[in-house]
Amino acid sequence: MSGVRLVTAPLEIDFDLQERDPEGFEREFQRLSETDEDPIGQWLKIAKARGETRDTDPVLLNLIIELHRKVDQLTQIVKNEEPERMPLSFHGHIESIGFEHFRLSEPLLERGKRYYGRIAMPVFPKRDVAVWFDAIDGQLAKIARMHERDIKEWNSYVTARERIMIREMKRK
């Protein structure tokens, strides 16, 4: 497919055909939204909107929020609580990404089919990004749906990977 610009990015994805459980996948997609997945982040957004954080050092505030998230994670581990996730049939390695596409390292997709997946993003804080995508061929996928916050993080990650690629090309 011409016009698709991709850059190297080693990511992991778990995915399944939409038709296997469209309602269950949609429920998980909504649960992985910013509101449900990150209540402390939502609280911070509301506090910022009210102006309650204007006299606070933003770096220190973000570090405290991340510590709170870590305490929440440790509490879940101690209580043996795992976040509820749908079992997905396929696991793949993403070799390259673009703003609207990604390519798997192996041909695991069925052309023309819609899939639901979770991509493990190596951003701070680390988290899974829920995504709906359409298979263009056995390896290439076009992103159909992501949450707004995830789109911003995805685009930032693509941009960062492009910068790395440019720096590597300049060294040669």
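All figures in this text were calculated on a predicted structure; none of them were measured in a lab.

K.L.:
I would appreciate a short explanation of the pattern of salt bridges in the present structure.
P.N.:
Note that side chains of opposite charge can pair when their charged atoms are close. Applying the stated rule across the entire model yields 10 salt bridges. Measuring nitrogen to oxygen at the nearest pair gives 2.5 Å for the salt bridge that ties Asp16 to Arg20. Overall, Asp16 belongs to the buried group, its relative accessible area being 3%. In this structure, Glu26 engages Arg145 in a salt bridge whose closest nitrogen and oxygen atoms are separated by 2.9 Å. You can see Glu26 sitting in helix H1 (residues 22–31) and its partner Arg145 sitting in strand S6 (residues 140–145), a full 119 residues away along the chain. Residue classification places Glu26 among the partly exposed residues on the basis of a relative accessible area of 25%. Take Arg145: its relative accessible area is 33%, and that puts it in the partly exposed class.

K.L.:
Can you help me understand the nonpolar core in this one?
P.N.:
Generally speaking, a soluble globular protein has its nonpolar side chains buried in company with each other. If you look at the biggest cluster of nonpolar residues, it comprises 25 residues, and the most contacted ones within it are Ile97, Phe102, Phe133 and Trp154. Listed by contribution, the elements that provide at least two residues to this core are strand S1 (7–17), strand S2 (90–97), strand S3 (101–104), strand S4 (114–121), strand S5 (127–135), S6 and helix H5 (148–171). Examining the composition of this core, we find that 6 residues originate from one element, S1, more than from any other. When neighbours within four sequence positions are excluded, Ile97 is seen to be in contact with Arg5, Leu6, Val7, Ala9, Leu11, Phe102, Trp154, Tyr157, Val158 and Arg161. In this structure, Leu32, Tyr116, Ala130 and Trp132 belong to the second largest nonpolar core, which totals 8 residues.

K.L.:
Please explain the environment of Ile13 as it appears in this structure.
P.N.:
On the secondary structure map, Ile13 appears in strand S1. For Ile13, a relative accessible area of 0% gives the class buried. C-alpha separation for the pair Ile13 and Met86, spaced 73 residues apart in sequence, amounts to 13 Å. Contacts of Ile13, omitting those with residues within four sequence positions, involve Phe90, His91, Gly92, Ile94, Phe102, Leu104, Arg118, Ile119 and Phe133.

K.L.:
I tried to follow the packing of helix H3 (residues 39–50) against helix H4 (residues 58–78) on my own but got confused; where do I start?
P.N.:
Packed helix pairs are specified by the crossing angle of their axes together with the interaxial distance, meaning the distance between the axes. H4 packs onto H3 with a crossing angle of 150 degrees between their chain directions and a minimal axis gap of 10 Å. Between H3 and H4, the interaxial angle falls into the category roughly antiparallel. The chirality of how H3 crosses H4 is right-handed. Where H3 approaches H4, its residues Ile40, Gly41, Trp43 and Leu44 are matched on the opposing element by Leu61, Asn62, Ile65, His68 and Arg69. In terms of residue class, the contact of H3 with H4 is built from 5 nonpolar, 3 polar and 1 charged.

K.L.:
For this particular structure, what's the right way to read the sheet that holds S2?
P.N.:
Backbone-to-backbone hydrogen bonds join strands into a sheet, with any given pair of strands oriented parallel or antiparallel. Read once around its circumference, the closed barrel built from 6 strands follows the order S1-S2-S3-S6-S5-S4, with strand pairing classed as antiparallel. Within this sheet the neighbouring strands show an average axis-to-axis angle of 45 degrees, counted without direction. The sheet contact formed by S1 and S2 spans 7 bridges and is antiparallel. Each bridged residue has a counterpart across the sheet, and for Asp14 the counterpart in S2 is His91. Lying over the sheet, H1 contacts S1, S4, S5 and S6, oriented at roughly 140 degrees with respect to S5. Lying on the sheet, H5 is in contact with S1, S2, S3, S4, S5 and S6; it crosses S1 at an angle near 145 degrees.

Scoring rules and cut-offs
- Residues numbered from 1 in each chain as written.
- Predicted model: local features only at pLDDT ≥ 70, side-chain atom pairs only at ≥ 80, totals over all residues.
- Heavy atoms only, no water.
- Salt bridge = Lys/Arg side-chain N within 4 Å of Asp/Glu carboxyl O.
- Buried < 20%, exposed > 50% of the residue type's maximum accessible area, 1.4 Å probe, protein only.
- Helix = DSSP H or I, 4+ residues; strand = E, 2+ residues; numbered from the N terminus.
- Core = buried A, V, L, I, M, F, W, Y, C linked by side-chain atoms within 4.5 Å.
- Contact = heavy atoms within 4.5 Å.
- Axes fitted to C-alpha atoms, helices over the stretch in contact; angles between N-to-C directions.
- Parallel < 35°, antiparallel > 145°, perpendicular 65-115°, else oblique.
- Left-handed = near helix turned anticlockwise from the far one by under 90°.
- Nonpolar A, V, L, I, M, F, W, Y, C, P; charged D, E, K, R; others polar.
- Pairing = 2+ DSSP bridges.

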